[in-house]
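What follows is the residue order along each chain.
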Amino acid sequence: MYLKLGDICTIESGLILSRKRARNEMEIKRYYKVLTLNNTEPHGDFNEKGLEQFPSNEVLQERYFTKIGDVLIRLNEPYTSVCIQRHQENVLIPSYFVSLEITDDHFLPEYVSWFLNSNIVKRQFYQAQSGTRTPNINQHVIRNLNIPKIHLYEQEKITAIHQLYVKERRLLTQLIEEKDRYYKAITNHLIERQMEEL
């Protein structure tokens, strides 16, 4: 059985940042952490590194900020979806993302995010994209997407496997970064030693 995504959630657009950006120090009412394209990984992970500060010319409405259990979809390539966890709350959502609040208790937000990151859905997004400079998808495409309704127990199993996958990717990325630092340190040490001998 399939349901339309628009029938199991509410969809909110992100904020058009240019309308609320303070132009000078005098206009700044508040700074907010803002989501950028670099904060979403293609495999569905939320990368908190490098969250930028947004100088706002007014206090912004709560609906523009991430909440636990929200599913964010990037509206342009690679159309990444992430499910917001507790430590990722209260980040400003810009207009190149939409936020889904799951309202049907028969669907886990993590399952919805996993499904949206599947190759089947990405192919549909690529077929439906519009625009020439920066192709993107719109809310109509997202609302009309069919999502399989499966038992909650199965959704929990899928979610657990996906979370393990994301954790492994994080650890592998950290290992690569540490190996890169180690290699650079050895290289620098060897070069410095060679130069001292000259």
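The structure presented is a predicted model; accordingly, all values stated were derived computationally and were not measured.

Draft legend 1. Expanded view of the sheet that holds strand β5 (residues 71-74). Read from one edge of the open sheet, four strands run β2-β7-β5-β6, paired in antiparallel fashion. Because the sheet does not close on itself, it has two edges, and the strands there are β2 (9-13) and β6 (81-83). Averaged over neighbouring strand pairs, the angle between their axes works out to 25 degrees when direction is ignored. Where β2 lies against strand β7 (residues 97-102), five bridges are found, and the strand directions are antiparallel. Looking across to β7, one finds that C9 is bridged to I102. Contacting β5, β6 and β7, helix α3 (residues 109-116) runs over the sheet at an angle of about 165 degrees to β6.

Draft legend 2. Representation of the side chain of K122 in the model. Along the chain, K122 turns up in helix α4 (residues 119-128). In this structure, K122 is buried with no salt-bridge partner, the nearest side chain bearing the opposite charge being E77 at 9.5 Å. Side-chain polar atoms of K122 contact the backbone oxygen of P78, separated by 2.8 Å. For K122, the contacting residues outside a window of four places in its chain are P42, P78, Y79, T80, L116 and N117.

Thresholds applied
Sequence order as written defines the numbering, with residues in each chain counted from 1. Owing to the predicted nature of the model, reporting of local features is limited to residues with pLDDT of at least 70; listing and counting of side-chain atom pairs is limited to 80 or more, with chain, interface and lining totals taken over all residues. Where side-chain values are given, they derive from all heavy atoms of the structure, hydrogens and water being excluded. Strand pairing requires that DSSP identify at least two bridges connecting the strands. Numbering of helices and strands runs from the N terminus, with a helix taken as a DSSP run of H or I at least four residues long and a strand as a DSSP run of E at least two residues long. For helices, the axis comes from a line fit to the C-alpha atoms of the stretch in contact; other axes are also lines fit to C-alpha atoms, and the angle between any two N-to-C directions lies between 0 and 180 degrees. Residue contacts are defined here by distance: any two heavy atoms, one from each residue, within 4.5 Å place the two residues in contact. Buried, partly exposed and exposed residues are distinguished by accessible area as a fraction of the type maximum, computed with a 1.4 Å probe on protein chains only: under 20%, between the cut-offs, and over 50%, respectively. In this tally, Lys and Arg are treated as positive and Asp and Glu as negative; His is ignored, and so are the chain termini. Whenever a carboxyl oxygen of Asp or Glu lies within 4 Å of a side-chain nitrogen of Lys or Arg, that contact is scored as a salt bridge. In the analysis that follows, any N or O atom pair within 3.5 Å is treated as a polar contact, provided that within protein one partner can donate a hydrogen and the other can accept it, and provided that, for residues neighboring in sequence, both atoms belong to side chains.

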